[in-house]
2 protein chains.
Amino acid sequence: MTDRAQWTDPHCPVARTTDIVGDRWSLLIVRDAFDGTRRFSQFQRNLGIAKNILTDRLRGLVEQGILEARSNEQGTRNEYVLTDRGMDLFTVIVSLRQWGERHAFSDGEPHSTLVDDSTGDPVPMLRLVNAQNIELDTANTHVHKIGQD
Amino acid sequence: MTDRAQWTDPHCPVARTTDIVGDRWSLLIVRDAFDGTRRFSQFQRNLGIAKNILTDRLRGLVEQGILEARSNEQGTRNEYVLTDRGMDLFTVIVSLRQWGERHAFSDGEPHSTLVDDSTGDPVPMLRLVNAQNIELDTANTHVHKIGQD
């Protein structure tokens, strides 16, 4: 991916990721792929998205190595499956989910939940902690930029 | 936010979040706000973004309660500051950063890093774990959708 001609901000990992998956449809296609959606028609139905936009986003996600296009068993159509690189977006999708749960619903308003199979409970919140189990946030971290040694 | 007329997928927290911040420029504006950027001209310089697009995205982020627009001390221009709701996007930005670090750079290619102030070391990876400290991923979780009781 690093041969990409024009990164928005070449030294920033946040910006490279948003260059690769930072549009709403790409993120929702990845979400659906995590839920087991594989076929063009299923993505289209779930997302209510125009065919040409879906075609464009699926092509982009395949080119970026997030999805792999495979023929189905009958060889009649493509299926789209997350690569390892795509599977590793799990934390991104969970972080979007958990922010939405906290901020985009009224109290008691119904929403889907991510459930831990072993307990049947909703998963805990993602937390960024250091080796001493101290929670890290913007107050006790900083971004070290290239050229700031 | 929940009076928004048209959500892409009303019961899904991932989709609501992407409706609110799921475009590349909004995410990068939030990134810059975490790094202390406040002024229109600073955002413009950092992002290399057209003025009309920056104006549109800043307005959207203010409308969504992610940024607050304040007059500077002299009252001569606006400054844009993350609200609590915006600050809570920290995990989203970190997850994008860490995926980029793992997948969007060649070995040894320079990139910015998020540093723990207390140790001076790069922050650890975000991990989703349950109360038993078992790592959760797509293999041991599932999404419970509304109406699937």
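Throughout, a residue's number is its position along its own chain's written sequence, starting from 1. Both sets of labels track the order of writing: A upward for chains, 1 upward for ligands. Confidence filtering applies because this is a predicted model: local features only for residues at pLDDT of at least 70, side-chain atom pairs given and counted only at 80 or more, and all residues used for totals across whole chains, interfaces and linings. With hydrogens and water excluded, all non-hydrogen atoms of the structure serve as input to the side-chain values.

Draft legend 1. View of the overall build of chain A. Think of it this way: any DSSP run of H or I at least four residues long counts as a helix, any run of E at least two long counts as a strand, and we number them from the N terminus. When helices and strands are counted, chain A shows six helices and four strands. Ordered by position from the N terminus, the helices and strands of chain A form the series α-α-α-α-β-β-α-α-β-β. Its C-alpha atoms put chain A at 55 × 45 × 30 Å along the principal axes. To sort residues, take the accessible area from a 1.4 Å probe on protein chains only and compare it with the maximum for the residue type: under 20% means buried, over 50% means exposed, and anything in between is partly exposed. The burial tally for chain A puts 45% of its 149 residues in the buried class. Here the analysis covers contacts within chain A between residues at least 6 apart in sequence; of these, 39% occur between residues at least 24 apart. The criterion used for residue contact is that any of the two residues' heavy atoms lie within 4.5 Å.

Draft legend 2. Focus on the pairing of strand β2 (residues 78-82) of chain B. Residue and element names in this part refer to chain B. Counting buried positions over the five residues of β2 gives four, a clear majority of the element. The rule for pairing is simple: two strands pair if DSSP sees at least two bridges between them. In terms of strand pairing, strand β1 (residues 67-71) meets β2 through five bridges, oriented antiparallel. Within β2, the position partnered with S71 by the bridge is N78. Where β1 folds back onto β2 in an antiparallel hairpin, the turn is made up of six residues, including G75, whose phi is positive at roughly 70°.

Draft legend 3. Looking closely at the confidence of the model for chain A. For chain A, per-residue confidence averages 92 on the pLDDT scale, and 95% of positions sit at 70 or higher. For this predicted complex, the interface confidence score (ipTM) comes to 0.94, while the overall pTM stands at 0.94. On a range of 0 to 100, pLDDT expresses the predictor's confidence in each residue.

Draft legend 4. Structural view of the relation of the copies chain A and chain B. In this comparison the copies share one frame, found by least squares on the C-alpha atoms of residues holding pLDDT of at least 70 in both. Once chain A is rotated about the relating axis by 180° and shifted along it by 0.0 Å, it coincides with chain B to within an RMSD of 0.0 Å. Here the transformation between the copies is reduced to the relation of a two-fold axis. Judged by C-alpha distance, D23 of chain A is the residue of chain A that lies nearest the rotation axis, at 2.4 Å.

Draft legend 5. Structural detail: the nonpolar core. Residues belong to one nonpolar core when they are buried, are Ala, Val, Leu, Ile, Met, Phe, Trp, Tyr or Cys, and are joined through side-chain atoms within 4.5 Å. Residues I66 of chain A together with I66 of chain B are the most contacted members of the largest nonpolar core, which totals 76 residues. Once you skip the residues sitting within four places of it in the chain, I66 of chain B turns out to touch W99 of chain A together with I20, V21, V30, L61, V81, L82, T83, R85, G86 and L89 of chain B.

Draft legend 6. Layout of the interface of chain A and chain B. At the junction of the two partners, chain A supplies 79 residues and chain B supplies 79 residues. Surface buried jointly by chain A and chain B totals about 6800 Å² across both partners, of which 62% is contributed by carbon and sulfur atoms. Broken down residue by residue, the surface that chain A buries against chain B is led by V14, W99 and L128 of chain A, which jointly contribute 10%. For this analysis, a polar contact is any N or O atom pair within 3.5 Å, provided that within protein one partner can donate a hydrogen and the other can accept it, and provided that sequence-adjacent residues contribute only side-chain to side-chain pairs. The interface formed by chain A and chain B holds 39 residue pairs in polar contact (both at pLDDT 80 or more) in total. Going through the elements one at a time, α1 (13-21), α2 (24-34), α5 (84-87), α6 (90-103), β3 (113-116) and β4 (141-144) of chain A are the ones with two or more residues in the side of chain A that touches chain B. Amino acid classes used here: Ala, Val, Leu, Ile, Met, Phe, Trp, Tyr, Cys and Pro are nonpolar; Asp, Glu, Lys and Arg are charged; the rest, including Gly, are polar. A class-by-class count of the residues in the side of chain A that touches chain B yields 37 nonpolar, 24 polar and 18 charged. The pairing of β4 of chain A with strand β3 (residues 113-116) of chain B spans four bridges and is antiparallel. Paired with T141 of chain A across the bridge in β3 of chain B is D116 of chain B. The term buried area means the drop in 1.4 Å probe accessible area that two parts suffer when joined, counted for both and summed.

Draft legend 7. Representation of the packing of α2 of chain A against helix α3 (residues 40-47) of chain A. All names here are of chain A. Contact pair α2 / α3: the axes reach a minimum separation of 11 Å and the direction vectors enclose 115°. The interaxial crossing formed by α2 with α3 has right-handed handedness. When α2 is examined against α3, the residues W25, L28, I29, R31, D32 and A33 are found in contact with a partner set consisting of F43, N46 and L47. Of the residues belonging to the contact of α2 with α3, the class tally is six nonpolar, one polar and two charged. Between N-to-C directions, angles span 0 to 180 degrees; the directions come from axes that are lines fitted to C-alpha atoms, helices contributing only their stretch in contact. If you view the pair so one helix is near and one far, a crossing is left-handed when the near helix is turned anticlockwise from the far one by less than a right angle, and right-handed when it is turned clockwise.

Draft legend 8. Focus on helix α4 (residues 51-63) of chain B. All names here are of chain B. Residue count minus one, scaled by 1.5 Å, sets the expected span of a helix. Over its 13 residues, α4 extends 18 Å from the first C-alpha to the last, a length consistent with the 18 Å expected when each residue adds 1.5 Å. Here α4 has its buried residues at L54, L58 and L61. For α4, the angular spread of buried residues about the axis comes to 65°, placing them on one side. With respect to the buried face of α4, the exposed residues turned more than 90 degrees away are N52 and E63. At the exit of α4 stands G65, carrying a positive phi of roughly 75°. Starting at the helix axis, one direction is taken to each C-beta atom, and the arc is that of these directions.

Draft legend 9. Structural detail: the packing of aromatic side chains. A pair of aromatic rings is counted whenever rings of Phe, Tyr or Trp (Trp by its six-membered ring) have centres within 6.5 Å, and the orientation is called stacked for planes under 30 degrees apart, edge-to-face for over 60 and tilted otherwise. If you walk through the whole model with that rule in mind, you get two aromatic pairs over all chains. Look at NZ for Lys and CZ for Arg. If either is within 6 Å of the ring centre and within 35 degrees of the ring normal, a charge sits over the ring. Its guanidinium or amino end placed over the ring of W25 of chain B, R24 of chain B lies 4.7 Å from that ring's centre, counting from NZ or CZ.

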